[in-house]
Amino acid sequence: KEGKNSLEKGELSFSTPKKKKLPRKKRIEVDGFTDCAIRQKIHSFYVVKKERPTVKKLLADLKEDGAIDCGREFLRNRITKIGFEWKRCQSSRKMLTERHDIAGWRANYLQEIKRHRSQGTYIVFIDETYIQASHSVTTCWQSEQEAGILTKIGKGDRLIIVHGGGENGFVEDGLLIFRSGKKTEDYHSSMNANNYCRWLKEFLPKLESPSVIVMDNAKYHNTERDRKPNSGSGKSDIVDWLSKHGVVINEFRTKQQLLLMCDSVPHEKRYVVDDIVREHGHFPLRLPPYHPDLNPIELVWGDIKRQVAEQCLGSNLSEKEILARKLFEQYPREKWQKCCDHVKKIEDKYFERDCIMDETDRIVIQLGSESTSSDSEGDCGSTDSSDAAL
């Protein structure tokens, strides 16, 4: 029809068929503090509301608080990622419970840090962060008017920053800033296990007294000493490791057989970073996974990066570095104190809720089966009497 119409005008022509342009999917930005908001919201359902959380209810509350704006499937996957699972009770309903390793790790951490505080041991929080060449300020998830710390990480140069501090402020002369992709001060390319250990050996002697060194679980913090072989190890390396631990191989063994023999050898994980901390007379302490809200230096990073973004609009990376060094040098002790006090309140809240959640888990077990399902909880109707009792 289009051809006939064009011939009437004296020229045969056809337009290119166009596909219907689909709307671009919304990109959802999530940081560690958003995950903490999800975790605390789940706890509040059991502790405050006394009811069983569902994905539908959680999403409605999180959207109302302004914590996250996403779909049910995205939230369902996020809940699983941060250490929660669904347990089916005798009533065939699924209860959302936190994985025992995450909850247990948090409980151990809270007990340890409270014990060190009661003994008067100084606590130092160490961490790493980055400032992009295109770094700009964003809004916080709690309020559109309040500045946040989440920025899009793009390609290009960036400043790698490593530092530590506590209630008395940043440790003097403990700052390390270098540009990724360039060799500066014997630090090459970007942060890795070797660079981190080199900085740590320079940082720890600057502490005046034996302290607790609190760190997260970044990959380069977890380099193992005498690591047990795995399926990616070479066969000769597996044989050497077994021989080192007193296992003699007298006959031919396949790689799979050797790995089974490795599993039977008693072996305790030892991290290089922890050994360095102990060698300098300090005490290493690991934060539980997915808990940046228990680390006050995360709040300090956010404050400093916000100031860099506000004062260095349109500036290059060198100018950002000069300002960052100045901000670190002049950062007031009072702000560090406020950040630490804020984290202490969160610790107390977790400690109190963990005790209540422990009773909830006992009731769930008494209700019937402990079977765990990887399927997520369907958006069921209202809770029954046994759910409401929780």
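Residues numbered from 1 in each chain as written. Predicted model: local features only at pLDDT ≥ 70, side-chain atom pairs only at ≥ 80, totals over all residues. Heavy atoms only, no water.

Q: Please clarify how the overall build of the protein should be interpreted in this entry.
A: Secondary structure summary: the protein contains 13 helices and 11 strands in total. Relative to its full complement of 390 residues, the protein shows a buried share of 43%. Counting only carbon and sulfur atoms, one obtains 49% of the accessible surface of the protein, whose full area is about 22,200 Å². (Helix = DSSP H or I, 4+ residues; strand = E, 2+ residues; numbered from the N terminus. Buried < 20%, exposed > 50% of the residue type's maximum accessible area, 1.4 Å probe, protein only. Areas by Shrake-Rupley, 256 points an atom, 1.4 Å probe, with all protein chains shown as cover.)

Q: How should I be thinking about the confidence of the model for the protein in this particular structure?
A: When pLDDT is low, close inspection of the predicted coordinates is not appropriate. Averaged over every residue, the pLDDT of the protein is 81; the share at 70 or more is 82%. This model gives residues 365–390 a pLDDT under 50, and the stretch forms 56 contacts once residues within four places in sequence are excluded. (pLDDT = per-residue confidence, 0-100. Contact = heavy atoms within 4.5 Å.)

Q: Just checking my understanding: could you explain the environment of Asp-31 for this structure?
A: You can see Asp-31 is positioned in the loop between α1 (2–8) and α2 (32–49). Asp-31 sits 261 residues away from Pro-292 along the chain, and the two C-alpha atoms are 9.6 Å apart. One polar contact links Asp-31 to Thr-34, side chain to side chain, over a distance of 2.8 Å. (Polar contact = N/O pair within 3.5 Å; in protein donor to acceptor, adjacent residues only side chain to side chain.)

Q: Explain helix α10 (residues 296–311) to me, please; I cannot follow it from the model alone.
A: It helps to recall that an α-helix has 3.6 residues per turn; residues three or four apart then point in one direction. Under the 1.5 Å per step criterion, the end-to-end length of α10 is 23 Å for 16 residues, consistent within 8% with the ideal 22 Å. A large share of α10 lies buried, amounting to 12 of its 16 residues. (Expected span 1.5 Å × (residues − 1).)

Q: Even after reading the chapter, I still don't get the nonpolar core, so can you show me in this structure?
A: Among the nonpolar cores identified, the biggest contains 32 residues, and Tyr-109, Phe-170, Val-214, Ile-304 and Phe-328 are the most heavily contacted of them. Elements with a minimum of two residues in this core: α5 (100–118), β3 (122–132), β6 (158–166), β9 (211–215), α10, α11 (317–330) and α12 (333–367). When near neighbours in sequence (up to four residues on either side) are disregarded, Ile-304 contacts Phe-170, Leu-327, Phe-328 and Tyr-331. Counting 23 residues, the second largest nonpolar core, distinct from the first, contains Val-162, Met-191, Cys-197 and Val-272. (Core = buried A, V, L, I, M, F, W, Y, C linked by side-chain atoms within 4.5 Å.)

Q: Help me understand the side chain of Gln-307, please; the structure alone is not making it clear to me.
A: For Gln-307, the position within the fold is in helix α10. Look at Gln-307 and you get buried, because its relative accessible area is 14%. Those residues in contact with Gln-307, other than ones at most four positions away along the chain, are Leu-323, Leu-327, Tyr-331 and Lys-335.

Q: Quick question: what am I supposed to make of α2 here?
A: Taking 1.5 Å per residue, 18 residues should reach 26 Å; α2 reaches 24 Å between its end C-alpha atoms and fits that length. Of all 18 residues in α2, 14 are buried; the element is thus mostly enclosed.

Q: I keep staring at the packing of helix α3 (residues 55–65) against helix α4 (residues 72–81) and nothing clicks. Help me out?
A: Packed helices, taken two at a time, are described by the angle their axes make and the gap between the axes. The interhelical angle for the contact between α3 and α4, taken along N-to-C directions, is 100°, at an axis separation of 10 Å. When the axes of α3 and α4 are compared, the pair comes out roughly perpendicular. Only Arg-72, Leu-75, Arg-76 and Ile-79 of α4 make contact with α3, whose side of the interface consists of Val-55, Lys-56, Leu-58, Leu-59 and Leu-62. (Axes fitted to C-alpha atoms, helices over the stretch in contact; angles between N-to-C directions. Parallel < 35°, antiparallel > 145°, perpendicular 65-115°, else oblique.)

Q: So what exactly am I meant to see when it comes to the pattern of salt bridges here?
A: Working definition: two side chains of opposite charge can pair if their charged atoms are close together. Following the criterion strictly, the structure yields 24 salt bridges and no others. With its nearest N and O atoms 2.9 Å apart, the salt bridge here joins Arg-106 to Glu-98. What you see here is one network of salt bridges that share partners, running through Arg-39, Glu-98, Arg-106 and Asp-354. (Salt bridge = Lys/Arg side-chain N within 4 Å of Asp/Glu carboxyl O.)

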